[in-house]
Amino acid sequence: MNIVLHEPEIPQNTGNIARTCAATGAKLHLIEPLGFSLEEKQIKRAGLDYWHLVEIFTYKNYEEFLEKNNDPKIYMATTKSKQTYVDVQYEEDAYIMFGKETAGIPEEILLQNKENCIRIPMREEARSLNLSNSVNIVLYEALRQNQFLGLKAEGELHRYHW
């Protein structure tokens, strides 16, 4: 799986998302400008000691991202979509894009990908969910649809046995 963040602004969100990517094997693609440095303490702390487990790619802009990834099919997470995130079938190497915290994905990009726009249902009065929570919700649905390919599905107790 591939998680794409378009111009993320809050380092803690990106750090949390990086940790999720590390735990799931998803690649993290960051499209600049970023609202922080990847060396900031907040982003490092949010990702804990998982940074060595995540592949991170950065791009100067959306066009460079498309070019370097051979113009991939991208699912666009947006509050403006008419279909939900469970209405689509994710490929095992799907690209799922999320926009910056204050504005989402630019509408020009959404219009170019309207058949791949997805929404997390929520109350009408709520503007949006937290970015890292949104990534988790959609990523785990995509992983579930692909039978959690490559992930350990069973755990063990430390001092006892099931």
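Everything below is about the structure shown above.
All of the points below concern the structure found in this document. (Residues numbered from 1 in each chain as written. Predicted model: local features only at pLDDT ≥ 70, side-chain atom pairs only at ≥ 80, totals over all residues. Heavy atoms only, no water.)

This part covers the overall build of the chain. When its secondary structure is counted, the chain shows five helices and six strands. Along the chain, helices and strands appear, N-terminal first, in the series β-α-β-α-β-α-β-β-α-β-α. In summary, the chain has a C-alpha radius of gyration of 16 Å against a globular reference of 15 Å for 162 residues, a match within 12%. Projected onto its principal axes, the C-alpha coordinates of the chain cover approximately 55 × 35 × 35 Å. Relative to its full complement of 162 residues, the chain shows a buried share of 44%. Look at the contacts in the chain between residues 6 or more apart in sequence, and 75% of them connect residues 24 or more apart. Put simply, the chain shows about 9900 Å² of open surface, and 49% of that area lies on carbon and sulfur atoms. (Helix = DSSP H or I, 4+ residues; strand = E, 2+ residues; numbered from the N terminus. Rg over C-alpha atoms; globule rule 2.2 N^0.38 Å. Buried < 20%, exposed > 50% of the residue type's maximum accessible area, 1.4 Å probe, protein only. Contact = heavy atoms within 4.5 Å. Areas by Shrake-Rupley, 256 points an atom, 1.4 Å probe, with all protein chains shown as cover.)

This paragraph deals with the packing of aromatic side chains. A full pass over the atoms with the stated rule returns five aromatic pairs. Measuring from ring centre to ring centre gives 6.0 Å for Phe 65 and Tyr 95, while their planes differ by 70°; the resulting arrangement is edge-to-face. Residue Phe 65 is found in helix 3 (residues 62-68), and its partner Tyr 95 is found in strand 5 (residues 95-98); the two are separated by 30 residues along the sequence. Neither Phe 65 nor Tyr 95 differs from the other in exposure class; each is buried. Through successive ring pairs, a cluster of aromatic residues spans Tyr 59, Tyr 62, Phe 65 and Tyr 95. (Phe/Tyr/Trp six-rings, centres within 6.5 Å; stacked < 30°, edge-to-face > 60°.)

It is worth spelling out the side chain of Gln 145 at this point. As for its placement among the helices and strands, Gln 145 is situated in helix 5 (residues 131-145). Residue Gln 145 is classed as buried on the basis of its relative accessible area of 11%. Engagement of the side chain of Gln 145 in a polar contact is seen with the backbone oxygen of Val 88, the distance being 3.0 Å. Not counting residues within four places of it along the chain, the set of residues in contact with Gln 145 comprises Val 86, Val 88, Gln 89 and Tyr 90. (Polar contact = N/O pair within 3.5 Å; in protein donor to acceptor, adjacent residues only side chain to side chain.)

Let us look at the environment of Pro 72. With respect to the secondary-structure elements, Pro 72 resides in the loop between helix 3 and strand 4 (74-77). For the pair formed by Pro 72 and Tyr 95, sequence separation is 23 residues and the distance between their alpha carbons is 7.3 Å.

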